[in-house]
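An overview of the molecular structure
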Amino acid sequence: MLVRALPFCLDSQRRQSDLSSAGSHQTAPAAPGRTEKREPYTSPVVPLRLHDRAVKTVLRKSRLVDPWFVGKYSFSPYQACAHGCTYCDGRAERYWVDGEFDRDIVVRRNAADVLAREVPKLRERGIVFVGSGISDAYQPPEADERLMPACGRVLADHRLPVT
């Protein structure tokens, strides 16, 4: 398994470049009734560890259409999530993730190839939910990995509705 490190702090980098290009130090507004000066929000740079994994299956079928995600099928090219939202139940439960949920991201490199093999075999058509309850298909590593365009082409070629 190949493990790569990727620095992640897009929002912080964007904010820092915005601040430096503006030429002035902006601060968040003080709460009503308070006069103290606050520093702008910056988050620490969190290095991501990307783990490549070849998968045998990628499409999951649910018995009933999921009322939250409105899909008969779902898939995600990643496991775990770099967003690291504090309210995420996936982060709290760590759903079969080795290592830290928001740093150790599994990249399913062959997701599009496996999807292309699985979709024609579907007995029943249905909406495909891209993502999962614990992973975002468009998380920061996708900017470099670019797995979703190939997966999207497979779904479009087979005229499957996507949400």
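Residues numbered from 1 in each chain as written. Predicted model: local features only at pLDDT ≥ 70, side-chain atom pairs only at ≥ 80, totals over all residues. Heavy atoms only, no water.

As for the overall build of the chain
A count of helices and strands for the chain gives five helices and seven strands. When its helices and strands are written in sequence order, the chain yields β-α-β-β-β-β-α-β-α-β-α-α. In the chain, which comprises 163 residues, the share counted as buried stands at 39%. Partitioning the contacts of the chain with sequence separation of at least 6, the portion at a separation of at least 24 is 78%. As displayed, the chain has an accessible area near 10500 Å², and 54% of this comes from carbon and sulfur atoms. (Helix = DSSP H or I, 4+ residues; strand = E, 2+ residues; numbered from the N terminus. Buried < 20%, exposed > 50% of the residue type's maximum accessible area, 1.4 Å probe, protein only. Contact = heavy atoms within 4.5 Å. Areas by Shrake-Rupley, 256 points an atom, 1.4 Å probe, with all protein chains shown as cover.)

Brief notes about helix α5 (residues 148–157)
Burial in α5 covers these residues: Met148, Cys151, Val154 and Leu155. With its buried residues spanning 120° around the axis, α5 presents them on a single face. For α5, exposure combined with an orientation more than 90 degrees from the buried face picks out Arg153, Ala156 and Asp157. Positive backbone phi, at 55°, marks Arg159, one or two positions downstream of α5. (Arc of directions from axis to C-beta.)

Considerations on the side chain of Glu118
In this structure, Glu118 sits in helix α3 (residues 111–118). Buried charge without a partner: Glu118 forms no salt bridge, and the closest opposite charge is Arg117, 5.8 Å away. (Lys, Arg positive; Asp, Glu negative; His and termini not counted. Salt bridge = Lys/Arg side-chain N within 4 Å of Asp/Glu carboxyl O.)

Describing unusual backbone geometry
Positive phi, close to 55°, is recorded for Arg146, a residue that is not glycine. With respect to the secondary-structure elements, Arg146 resides in the loop between α4 (142–145) and α5. The backbone of Arg159 shows a phi angle near 55°, a positive value even though the residue is not glycine. Exposure remark for Arg159: the relative accessible area of 71% places this residue in the exposed category.

Topic: the environment of Leu115
When you line up the elements, Leu115 lands in helix α3. As a C-alpha pair, Leu115 and Cys151 span 36 residues in sequence and 7.1 Å in three-dimensional space. Excluding anything up to four places from it in sequence, Leu115 contacts Val58, Leu59, Phe75, Pro120, Cys151, Val154 and Leu155.

Side note on the sheet that holds strand β7 (residues 128–130)
Strand order in the open sheet made by the three strands is β3-β4-β7, with mixed pairing throughout. The outermost strands of the open sheet, each flanked by one partner alone, are β3 (60–61) and β7. As paired strands, strand β4 (residues 73–75) and β7 are joined by three bridges and run parallel to one another. Its bridge partner lying in β7, Ser74 is registered against Phe129. (Pairing = 2+ DSSP bridges.)

Side note on the packing of α3 against α5
Two numbers describe how α3 lies on α5: the axes approach to 8 Å, and their chain directions differ by 10°. If you check the angle between α3 and α5, you find them roughly parallel. Listed contacts from α5 to Ala111, Ala112, Leu115 and Ala116 of α3 are Ala150, Cys151, Val154 and Leu155. (Axes fitted to C-alpha atoms, helices over the stretch in contact; angles between N-to-C directions. Parallel < 35°, antiparallel > 145°, perpendicular 65-115°, else oblique.)

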